[in-house]
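Reading the structure
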Amino acid sequence: AYVLNRPLASTQDYDLRLRNMTNTAHADRDLAGRRAGMDEMRNVIRRSGGNRDAAAEALDNMIASGSLGEGDAGRKAAFDMLPVVMKYATAGNANPNELVDIALKARKTFNIQDPARALEMALLGGQLGGFEMKDMAKWLPQQMANASMAGMGGDKGLAKLVALNQSAVVAAGSKDQAGNNVVNFLAKLNASETAGDFKKVGVNWRQQLIDGAKGG
């Protein structure tokens, strides 16, 4: 009974997740429509590759976020993004759900609409430096939120942010310390006390940020 229980429980959990995802994604459909939608999701997850449960969790994150749009357009965008996320999760030995957060945050805060573009930059940065893809997956979403507040954005902004992490990890004691140092640094860029410190030496820091953002 114990030997059989674990795979059966895993299957039950997976089916329950699919039902919940279907109710969220296809709230406008009747019972027959939801069953068809559930079969569609099952096939999308199967075709995406990688771990089934990890893929389901990543897809659930995309659908629940609402960041990809509503209705059929939002569902199609999520279905198209899932194989991309799973490919980069395998290549970078990273958590697919965290890579979804990178792609969605890049879309929302940096206006990078192509998820493969953002994930390719993170993967390449990790290959060239010591702050790897799995570290990017953990820290980039929070960093992008702070960076956008300081005027960073687009491909160039993300490239600078990826490079900043590689610089930070050289002087930090661990990958997490490096990621946190970058978060703190970016938060300080837009902090009122930073503007106050610059004002003491005759520099309008807020205007510097605005001018810098306009100049790329």
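Residues numbered from 1 in each chain as written. Predicted model: local features only at pLDDT ≥ 70, side-chain atom pairs only at ≥ 80, totals over all residues. Heavy atoms only, no water.

Examining the overall build of the protein chain
Applicable threshold: Segments assigned H or I by DSSP are reported as helices when at least four residues long, segments assigned E as strands when at least two residues long, and all are numbered from the N terminus. Only protein chains enter the accessibility calculation, which uses a 1.4 Å probe; a residue whose area is less than 20% of its type maximum is buried, one above 50% is exposed, and one in between is partly exposed. For this analysis, residues touch if any pair of their heavy atoms sits within 4.5 Å. Reported accessibility uses the Shrake-Rupley method at a 1.4 Å probe radius. Residues are deemed covered only where the shown protein chains occlude them. Under this rule, positive means Lys or Arg and negative means Asp or Glu; His and the chain ends count for nothing. By convention, the point assigned to a charge is CZ for Arg, NZ for Lys, CD for Glu and CG for Asp.
Looking only at helices and strands, the protein chain features eleven helices and zero strands. Secondary structure elements in the protein chain, listed N-terminal to C-terminal, are α-α-α-α-α-α-α-α-α-α-α. Seen through its principal axes, the protein chain has C-alpha atoms that stretch 70 × 40 × 25 Å. A total of 216 residues make up the protein chain; the buried ones form 39% of that total. Of the contacts formed within the protein chain by residues at least 6 apart in sequence, a portion of 60% connects residues at least 24 apart. Here the protein chain has roughly 11,800 Å² of accessible surface; of this, 52% comes from carbon and sulfur atoms. One way to put it: in the protein chain the 27 positive side-chain charges average out to a point 2 Å from where the 23 negative ones average out.

Observations regarding helix 2 (residues 31-48)
We count it as follows: By definition here, a helix of n residues has an expected span of 1.5 Å times n minus one. Picture the helix axis, draw a direction to every C-beta atom, and the arc is the one those directions span. Polar contacts, as counted here, are pairs of nitrogen or oxygen atoms within 3.5 Å of one another; within protein the pair requires one atom able to donate a hydrogen and one able to accept it, and residues that are adjacent in sequence qualify only if both atoms are side-chain atoms.
The end-to-end C-alpha separation of helix 2 is 26 Å, in line with the 26 Å expected for 18 residues at 1.5 Å each. Every buried residue of helix 2 is listed here: Gly33, Gly37, Met38, Met41, Val44, Ile45 and Ser48. Within helix 2, the buried residues cover an arc of 140° as seen down the axis, which keeps them to one side. Residues Ala32, Arg35, Arg46 and Arg47 are exposed on helix 2 and point more than 90 degrees away from its buried face. Measuring from the side-chain oxygen of the N-cap residue of helix 2 to the backbone nitrogen of Ala32 gives 3.4 Å; that N-cap residue is Asp30. Gly49, located one to two residues past helix 2, shows a positive phi value of around 85°.

Notes on the packing of helix 2 against helix 4 (residues 71-92)
Put simply, the rule is: Where helices are involved, their axes are fitted lines through C-alpha atoms of the stretch in contact, as for all axes, and angles between N-to-C directions lie from 0 to 180°. Relative orientations are named as follows: roughly parallel for angles under 35 degrees, roughly antiparallel for angles over 145 degrees, roughly perpendicular for angles from 65 to 115 degrees, and oblique for any other angle. Whether a crossing is left-handed or right-handed is set by the direction in which the near helix is turned from the far one by less than a right angle, anticlockwise for left-handed and clockwise for right-handed. For this classification, Asp, Glu, Lys and Arg are treated as charged, while Ala, Val, Leu, Ile, Met, Phe, Trp, Tyr, Cys and Pro are nonpolar and the rest, including Gly, are polar.
With their axes 9 Å apart at the nearest point, helix 2 and helix 4 run at an angle of 25° to one another. Compared by their axis directions, helix 2 and helix 4 come out roughly parallel. Our pair here, helix 2 against helix 4, has a crossing hand that is right-handed. The segment helix 2 lies against helix 4, with Glu40, Met41, Val44, Ile45 and Ser48 engaging Phe79, Leu82, Pro83 and Met86. Residue composition of the contact of helix 2 with helix 4, grouped by class: seven nonpolar, one polar and one charged.

Description of the layout of surface pockets
Rules: A pocket here means an open set of points on a 1 Å grid, computed over the protein atoms alone, that has protein on both sides within 12 Å along at least five of seven lines. A cavity is instead a set of points where a 1.4 Å probe fits but cannot get out; residues with an atom within 4 Å of a point line either one. Grid points are joined across faces, edges and corners, and a volume is the space filled by probe spheres set on the points.
Estimated volume of the largest pocket: approximately 340 Å³. Residue lining of the largest pocket: 17 residues in total, with Ala150, Gly151, Met152, Lys160 and Gly212 positioned closest to the centre. Contributing elements (two or more residues each) for the lining of the largest pocket: helix 8 (154-171), helix 9 (175-189) and helix 11 (205-214). No other element matches the five residues that helix 8 contributes to the lining of the largest pocket. Residues belonging to the lining of the largest pocket are distributed by class as follows: nine nonpolar, six polar and two charged. In terms of lining residues, the second largest pocket is bounded by 15 residues, among which Ala25, Ile63, Gly69, Glu70 and Gly71 are the most central.

Notes on the packing of aromatic side chains
Our working definition: Between the rings of Phe, Tyr and Trp (Trp by its six-membered ring), a pair exists once the centres lie within 6.5 Å; its type follows the angle of the planes, with under 30 degrees stacked, over 60 edge-to-face, and the other angles tilted. Two limits define a charge over a ring: the Lys NZ or Arg CZ must be within 6 Å of the ring centre, and within 35 degrees of the ring normal.
Counted according to the given criterion, the structure contains one aromatic pair. For the pair Phe198 and Trp205, a centre-to-centre distance of 4.4 Å together with 5° between the ring planes defines the contact as stacked. You can call Trp205 buried: its relative accessible area is 16%. Directly above the ring of Tyr14 sits Arg52, whose terminal nitrogen or CZ lies 4.0 Å from the centroid.

Structural notes on unusual backbone geometry
Although it is not a glycine, Asn93 adopts a positive phi angle of roughly 55°. In this fold, Asn93 is placed in the loop between helix 4 and helix 5 (96-109). For Asn93, a relative accessible area of 57% gives the class exposed. Non-glycine residue Asn111 carries a positive phi angle of around 60°. With respect to the secondary-structure elements, Asn111 resides in the loop between helix 5 and helix 6 (115-128).

Let's talk about helix 8
The first and last C-alpha atoms of helix 8 sit 27 Å apart over 18 residues, in line with the 26 Å expected at 1.5 Å per residue. Of all the positions in helix 8, only Gly157, Leu158, Leu161, Val162, Asn165, Gln166, Ala168 and Val169 are classed as buried. In this structure, the buried side of helix 8 is in contact with helix 6, helix 7 (133-149) and helix 9.

Overview of the nonpolar core
For clarity, the cut-off: In this description, a nonpolar core means a group of buried Ala, Val, Leu, Ile, Met, Phe, Trp, Tyr and Cys residues linked to one another through side-chain atoms lying within 4.5 Å.
Residues Leu59, Leu82, Leu99 and Leu158 are the most contacted members of the largest nonpolar core, which totals 60 residues. Per-element tally for this core: the top contributor is helix 4, with eight residues. Apart from residues no more than four positions distant in its own chain, Leu99 is found in contact with Val85, Tyr88, Ala89, Ala94, Leu119, Met133 and Ala137.

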